[in-house]
Amino acid sequence: MGYVALYRKYRPLTFEAVAGQETIVQTIKSALAANRLSHAYLFCGPRGTGKTTIARLIAKAVNCVGDDKPCGVCGSWACCWSAAVWWWGGGVVGCLRTV
């Protein structure tokens, strides 16, 4: 296997593993717990601040059917963590599901 970028190798897989973004993580987790997620979130900032990671975690949590979102067990979010992800400007726009 060739070179693997650090952001691919060490990307956090849960909200708890995200470092340095406590405010947005708490906001998103509260919105998920209350089932009051907004229709859009705009993340801006320089490279390496976690914009794509947070967007992927939101997609993972929205697609999760477990009680603890994201549970990491149910597998309903697997499409959003694979290569079948549409990219637009570095953020997750949507995911393809195999039927």
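Quick caveat: nothing in here was measured; it's all calculated off a predicted structure. (Residues numbered from 1 in each chain as written. Predicted model: local features only at pLDDT ≥ 70, side-chain atom pairs only at ≥ 80, totals over all residues. Heavy atoms only, no water.)

Colleague: A description of the environment of Ala 61 should follow, citing residues and the corresponding values.
Modeller: As for its position among the elements, Ala 61 is in helix α3 (residues 51-63). Separated by 32 residues in sequence, Ala 61 and Lys 29 have C-alpha atoms that sit 9.2 Å apart. Setting aside chain neighbours within four positions, we find Ala 61 in contact with Phe 15, Leu 32, Lys 69 and Pro 70. (Helix = DSSP H or I, 4+ residues; strand = E, 2+ residues; numbered from the N terminus. Contact = heavy atoms within 4.5 Å.)

Colleague: Give me the nonpolar core: which residues, what numbers.
Modeller: Listed in full, the nine residues of the largest apolar core are Phe 15, Val 18, Val 25, Ile 28, Leu 32, Ile 54, Leu 57, Ile 58 and Ala 61. Those elements that provide at least two residues to this core are α2 (22-33) and α3. Contact partners of Ile 28, with chain neighbours within four places excluded, come to Phe 15, Tyr 41 and Ile 58. (Core = buried A, V, L, I, M, F, W, Y, C linked by side-chain atoms within 4.5 Å. Buried < 20%, exposed > 50% of the residue type's maximum accessible area, 1.4 Å probe, protein only.)

Colleague: Outline α2, supporting the account with residue identities and numerical values.
Modeller: An α-helix turns once every 3.6 residues. As a result, residues three or four positions apart point the same way. An ideal rise of 1.5 Å per residue puts 16 Å on 12 residues; α2 measures up with 16 Å between its terminal C-alpha atoms. Along α2, the residues classified as buried are Val 25, Ile 28, Ala 31 and Leu 32. What you see down the axis of α2 is that its buried residues fit within an arc of 135°, all on one side. Across from the buried face of α2, at angles greater than 90 degrees, the exposed residues are Glu 22, Thr 23 and Ala 33. Among the structural elements, α3 are those in contact with the buried residues of α2. Asn 35 sits one or two residues past α2 and shows a positive phi near 55°. (Expected span 1.5 Å × (residues − 1). Arc of directions from axis to C-beta.)

Colleague: Describe in detail the pattern of salt bridges, supporting the description with residues and values.
Modeller: This structure, assessed with the given rule, holds one salt bridge. Of the charged contacts in the structure, one is a salt bridge between Glu 16 and Lys 29, with a shortest N-O distance of 2.8 Å. With Glu 16 in the loop between α1 (6-9) and α2 and Lys 29 in helix α2, this pair connects stretches of sequence that are 13 residues apart. With relative accessibility at 60%, the residue Glu 16 sits in the exposed group. Take Lys 29: its relative accessible area is 30%, and that puts it in the partly exposed class. (Salt bridge = Lys/Arg side-chain N within 4 Å of Asp/Glu carboxyl O.)

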